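A closer look at the structure
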Amino acid sequence: MAEYKLLDSGNGQKLEQVGDYLLVRPAANAFWNPELPESEWNRAAGSFVRKGSSGNWRWRSNPPESWNASLNGINFKVKPTDFGHLGIFPEQSANWQWQQEQIRKTGNVRVLNLFAYSGLGSLSMAKAGAQVCHLDAARGMVEWARENHALNPDIPDSVRWIVDDAVKFINREIRRERKYQGIVLDPPSFGRGAQGQVWKIEEDLGSMLSGCRELLAPGKPAFVLLSCHSPGFTPLVLGRILLNVFGDEFKLETGEMTIPESTGRMLPAGAYARISK
């Protein structure tokens, strides 16, 4: 199965090899000029043109509704959406490797993955030996994640698939006195639940992390990974938020999430902060 590759970026776009298809999608912070010649970009089978919060795809020929590709040894289903998403966030690759390192220190640990999207992060943790609780509020995303699991028969059946609002689920787990050795979350800037509940990261992240603190098991190993793509939430900001909630007895690492290009450059794509002990 063909591997995902970022080939180039520039002029607010990125050129990606996604399985058998070459695609062009927006990259809002790619303020530089592309490295590859225009002829390479013109080979793309499809490009996404953003209009407001959504947009539309333009194809040279009729593409399949979905196809398969792989990233970091995990197979996944590619399905272009009306928002320009494909079902992967390759900038998380380094975080997935870090999560696996934390899990392999002891093997059988329980991890809660919030806003877990199409499941590659959950599958990478299950592959490392974790019992994973995968949670997303969108039923379609959880179904997509389960389809990705089916594409990877070598990954243990150790993922619990949950469709629920993250805040409500955290509160129920606190009442159940459930504990996790690891917690992973990639919250959106804004969201609206099925019952009209509103999520705003600048207002609600602190209280959510306080709930996560109650779910984090004492002792070792214990880790939390917080990542986001929200303007203003820099690595320094995320790091200070984590230490403010969990305390400074943890080791803190912060940085930009990036995607390596075939040109040798890096495309920045969000921020992360992670703590461990």
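Notes on the structure in this doc start here. (Residues numbered from 1 in each chain as written. Predicted model: local features only at pLDDT ≥ 70, side-chain atom pairs only at ≥ 80, totals over all residues. Heavy atoms only, no water.)

Bringing the nonpolar core into the picture now. Ranked by internal contacts, the top residues of the largest apolar core, which has 40 residues, are Ile103 and Val111. Looking at which element gives the most residues to this core, the answer is helix H3 (residues 120-127), with four residues. The contact partners of Val111, leaving out residues within four places of it in the chain, are Ile103, Met125, Ala130, Gln131, Val132, Cys133, Tyr180, Gly182, Ile183, Val184 and Phe223. (Core = buried A, V, L, I, M, F, W, Y, C linked by side-chain atoms within 4.5 Å. Buried < 20%, exposed > 50% of the residue type's maximum accessible area, 1.4 Å probe, protein only. Helix = DSSP H or I, 4+ residues; strand = E, 2+ residues; numbered from the N terminus. Contact = heavy atoms within 4.5 Å.)

Contact pair helix H6 (residues 201-215) / helix H7 (residues 235-246): the axes reach a minimum separation of 9 Å and the direction vectors enclose 45°. Between H6 and H7, the angle is such that the two are oblique. Crossing angle aside, the handedness with which H6 passes H7 is right-handed. Within the contact between the two elements, H6 uses Leu205, Gly206, Leu209, Ser210, Cys212 and Arg213 and H7 uses Ile241, Leu242, Val245 and Phe246. Across the contact of H6 with H7, the residue classes tally to seven nonpolar, two polar and one charged. (Axes fitted to C-alpha atoms, helices over the stretch in contact; angles between N-to-C directions. Parallel < 35°, antiparallel > 145°, perpendicular 65-115°, else oblique. Left-handed = near helix turned anticlockwise from the far one by under 90°. Nonpolar A, V, L, I, M, F, W, Y, C, P; charged D, E, K, R; others polar.)

Before going further, it helps to spend a moment on the pattern of salt bridges. Applying the stated criterion across every chain, the model contains ten salt bridges. In this structure, the salt-bridge partner of Arg25 is Glu16, at a minimum N-O distance of 2.7 Å. Residues Arg265 and Glu35 are paired through a salt bridge, measuring 3.5 Å at the closest nitrogen-oxygen approach. Of this pair, Arg265 sits in the loop between strand S15 (251-260) and strand S16 (266-276) while Glu35 is found in the loop between strand S3 (21-26) and helix H1 (38-41), placing the two residues 230 residues apart along the sequence. For Arg265, a relative accessible area of 23% puts it in the partly exposed group. (Salt bridge = Lys/Arg side-chain N within 4 Å of Asp/Glu carboxyl O.)

Turning our attention to the packing of aromatic side chains. Under the criterion given, the structure shown has six aromatic pairs. Where Tyr21 meets Trp67, the ring centres are 4.4 Å apart and the plane angle is 40°; that geometry is what we call tilted. Remark: Trp67 occurs in strand S6 (residues 67-71) and Tyr21 occurs in strand S3; sequence separation between them is 46 residues. On the basis of relative accessible area, Tyr21 is assigned to the partly exposed category, the value being 22%. Ring geometry for Phe89 against Tyr117: centres 4.9 Å apart, planes inclined by 50°, an arrangement best described as tilted. Highlighted residues: Phe89 in the loop between strand S7 (74-78) and helix H2 (93-104) and Tyr117 in the loop between strand S8 (110-114) and H3, separated in sequence by 28 residues. (Phe/Tyr/Trp six-rings, centres within 6.5 Å; stacked < 30°, edge-to-face > 60°.)

With that settled, consider the sheet that holds strand S14 (residues 223-228). A sheet is described by the order of its strands in space; here seven strands give the open sequence S10-S9-S8-S11-S14-S16-S15, paired in mixed fashion. On the outer flanks of this sheet lie strand S10 (159-163) and S15, each paired with one strand and no other. Across the sheet, the axes of successive neighbouring strands diverge by a mean angle of 15°, strand direction being ignored. The pairing of S8 with strand S9 (residues 131-136) spans four bridges and is parallel. Note on S9: the bridge partner recorded for Val111 is Val132. Packed on one face of the sheet, helix H4 (residues 139-150) meets S9 and S10 and runs near 160° to S10. (Pairing = 2+ DSSP bridges.)

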